[in-house]
Amino acid sequence: QIDGMRLLCESFLALGVIFASLAIPFALDGRWTAATWSLEGAAAVWLGIRQSRLLTRNFGLLLQIGASLMFLSTLREPLGALPILNSAYIGCLFTSLAGLFTAYYHFSNQDEFHDWEKSFHFFLLAWGVAWWMGASVMEIDHHLPNRYEITASLFFFTISFLLLDRVGRQLNWLPARSPSLFLLPAIIF
């Protein structure tokens, strides 16, 4: 009887997430919708891994991809006057954090996956880092004078790669330490 109640609760949770995902665009603009969908997608992947459910994991990944497409469709809109505290940057940041969380959770639970899923964490790590870097370069380009852009970008890349390396070391997440290898080519470029 307890297993039946657990299955019923999981079913209601899944339905709640699906209906919330469908309702969000009616309440929020495109950037906030994308940010919320990214976080929901990461939560669905987490839940799918915990429950060993392939459909839930893949729904979470598809939700994150859909969120990114939604966000990219809003790039023609103004970025906002406030540096960092605007919907464009925060939306990219949430998309990045969702991708990085999903990458870490995929990496740390590889024994739960089929063989064809085991390398997804590399793609998800690159995905999260690309959103992080892209958002930051966009902010630097939009809010700083041209003469400071390269210096500010290199400073940001250095701090970001150092932080990612530190997190990778702390969590024993070896792939998270590899993006720092791109710092030297970025400096040379």
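Preceding this section is the structure that the text describes.
Because the structure is a prediction, the values reported are computed rather than measured.

Cut-offs applied
- Residues numbered from 1 in each chain as written.
- Predicted model: local features only at pLDDT ≥ 70, side-chain atom pairs only at ≥ 80, totals over all residues.
- Heavy atoms only, no water.
- Axes fitted to C-alpha atoms, helices over the stretch in contact; angles between N-to-C directions.
- Helix = DSSP H or I, 4+ residues; strand = E, 2+ residues; numbered from the N terminus.
- Parallel < 35°, antiparallel > 145°, perpendicular 65-115°, else oblique.
- Left-handed = near helix turned anticlockwise from the far one by under 90°.
- Nonpolar A, V, L, I, M, F, W, Y, C, P; charged D, E, K, R; others polar.
- Core = buried A, V, L, I, M, F, W, Y, C linked by side-chain atoms within 4.5 Å.
- Buried < 20%, exposed > 50% of the residue type's maximum accessible area, 1.4 Å probe, protein only.
- Contact = heavy atoms within 4.5 Å.

Looking now at the packing of helix H2 (residues 30–50) against helix H3 (residues 54–72). Running from amino to carboxyl end, H2 crosses H3 at an angle of 165°, the nearest separation of the two axes being 7 Å. By the angle between their axes, H2 is roughly antiparallel relative to H3. Helix-helix and strand crossings are classified by hand; for H2 and H3 the assignment is left-handed. Of the residues assigned to the contact of H2 with H3, the class counts are 13 nonpolar, nine polar and three charged.

This brings us to the nonpolar core. Residues Leu-125, Val-129, Met-133, Phe-157 and Phe-161 are the most contacted members of the largest nonpolar core, which totals 20 residues. Contributions of two or more residues to this core are made by H2, helix H4 (87–108), helix H5 (120–143) and helix H6 (146–170). Those residues within four positions of Phe-157 in sequence are excluded, and the remaining contacts are Met-133, Val-137, Leu-183 and Ala-186. Of all hydrophobic cores here, the second largest spans 13 residues; its members include Leu-63, Leu-79, Tyr-89 and Cys-92.

Tracing the backbone shows Ser-136 in helix H5. In this structure Ser-136 comes out as buried when scored by relative accessible area, which is 3%.

This next bit is on unusual backbone geometry. Despite not being glycine, Ile-84 has its phi angle at roughly 70°, a positive value. Looking at the element boundaries, Ile-84 is found in the loop between H3 and H4. Even without glycine at this site, Asn-172 takes up a positive phi of about 60°. Mapped onto the fold, Asn-172 is located in the loop between H6 and helix H7 (174–177). Here Asn-172 falls in the exposed class, since its relative accessible area comes to 64%.

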